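A closer look at the structure
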Amino acid sequence: MSLGVREAAEALLSGEEREPLTDAWPALDVHTAYAIQDEALRLRQERGETVIGVKLGLTSRAKQRRMGIDSPLLAWLTDAMVLPAGVPVPELIHPRAEPELVFVMGRRLSGPGVTAATALAAVDRVYGGVEVIDSRYRDYRFELPDAVADNGSSAYFTLGPIGAEPSSLDLSLEAALLEVDGAIVDTATGAAVQGHPAEALALAANALGARGLALEPGWIVLTGGMTDAVDLRPGSRVAAHFSHLGSITLAGS
């Protein structure tokens, strides 16, 4: 028997590993999954969390092909997800880390009709970042509606030390080297994110606009993983080194 929207939201906020919602709720669609995501946000706000932005997931073409979709998913960021630099990652179910390019909005941006150029013009600063994801589903097994309902596997994120004006960089060529315990394991450029991270930003603005919402001034937008995510095991260290935006190191607890 499937859960209702509120029951599903509460289950995903419990912090306990579980089977995908679609196992018992095969008719779960993306529209209902976003309703679950929004209900979970409401519950987060009830316990004192504040919305500070959004994140995109499945922005790389390779990840989309694996999931059988042609568009990223959107999820919420709250102040409880901010991990200050140097603080060990709290204990999670099965954390993974991935480097991202991160925008901080300078002015309100609302769809429809937002292009990459108009999106980038609304940005105040761009940072390198590392997102820690942690699917609530056992063995990271899920369908697209499961991932949407689970708020895009969100857990924590850390911003790098350098905030640059977007016009000062070619973000499609901004590179990230991903290091695990001293060994470089992957590398990518901003072009891995929808061809240019501003394209992901435009997608976020247009998707929110379709729901009567907007990206607000000061909001943070995580544009999606540049590389595949890597496991963040207890005692391990994961670092992301960006061409112009500094380095970030995370330690597994």
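Anything mentioned here points back to the structure above.
Just so it is clear, the structure is predicted and the values come from calculations on it, not from any experiment.

What about the environment of Leu169?
Mapped onto the secondary structure, Leu169 falls in the loop between β5 (154-159) and β6 (175-180). Overall, the relative accessible area of 16% leaves Leu169 in the buried class. Once the C-alpha coordinates of Leu169 and Val126 are considered, the two residues, 43 residues apart in sequence, prove to be 9.3 Å apart. In this view, Leu169 contacts Val126, Ala164, Glu174, His244 and Leu245; residues no more than four positions away in its chain are not counted.

A closer look at the pairing of strand β3 (residues 96-105)
Counting buried residues in β3 gives nine out of ten residues, a clear majority hidden from the surface. Pairing analysis gives ten bridges linking β3 to strand β4 (residues 123-133), with the strands arranged antiparallel. Within the sheet, the bridge partner assigned to Val104 lies in β4 and is Arg125. Pairing between β3 and strand β9 (residues 230-231): two bridges, direction antiparallel. Paired with Ala97 across the two strands is Val230, which belongs to β9. With four bridges joining them, β3 and strand β8 (residues 220-225) adopt antiparallel strand pairing. Considered in β8, the bridge of Glu100 is made with Gly225.

Some thoughts on the packing of aromatic side chains
Applying the stated criterion across every chain yields a total of two aromatic pairs. With a centroid separation of 6.3 Å and 90° between ring planes, the pair formed by Trp76 and Trp219 is classed as edge-to-face. Pair noted here: Trp76 is in strand β2 (residues 73-78) and Trp219 is in the loop between α7 (197-209) and β8, with a separation of 143 residues, a long-range link. Judged by its relative accessible area of 15%, Trp219 falls in the buried class. Residues Tyr137 and Phe142 carry aromatic rings whose centres are separated by 6.1 Å and whose planes lie at 50° to one another, so their mutual orientation is tilted. With a relative accessible area of 1%, Tyr137 lands in the buried category. Classification of Phe142 as partly exposed rests on a relative accessible area of 21%. Its guanidinium or amino end placed over the ring of Tyr140, Arg96 lies 3.7 Å from that ring's centre, counting from NZ or CZ.

Conventions used here
- Residues numbered from 1 in each chain as written.
- Predicted model: local features only at pLDDT ≥ 70, side-chain atom pairs only at ≥ 80, totals over all residues.
- Heavy atoms only, no water.
- Helix = DSSP H or I, 4+ residues; strand = E, 2+ residues; numbered from the N terminus.
- Buried < 20%, exposed > 50% of the residue type's maximum accessible area, 1.4 Å probe, protein only.
- Contact = heavy atoms within 4.5 Å.
- Pairing = 2+ DSSP bridges.
- Phe/Tyr/Trp six-rings, centres within 6.5 Å; stacked < 30°, edge-to-face > 60°.
- Lys NZ or Arg CZ within 6 Å of the ring centre and 35° of its normal.

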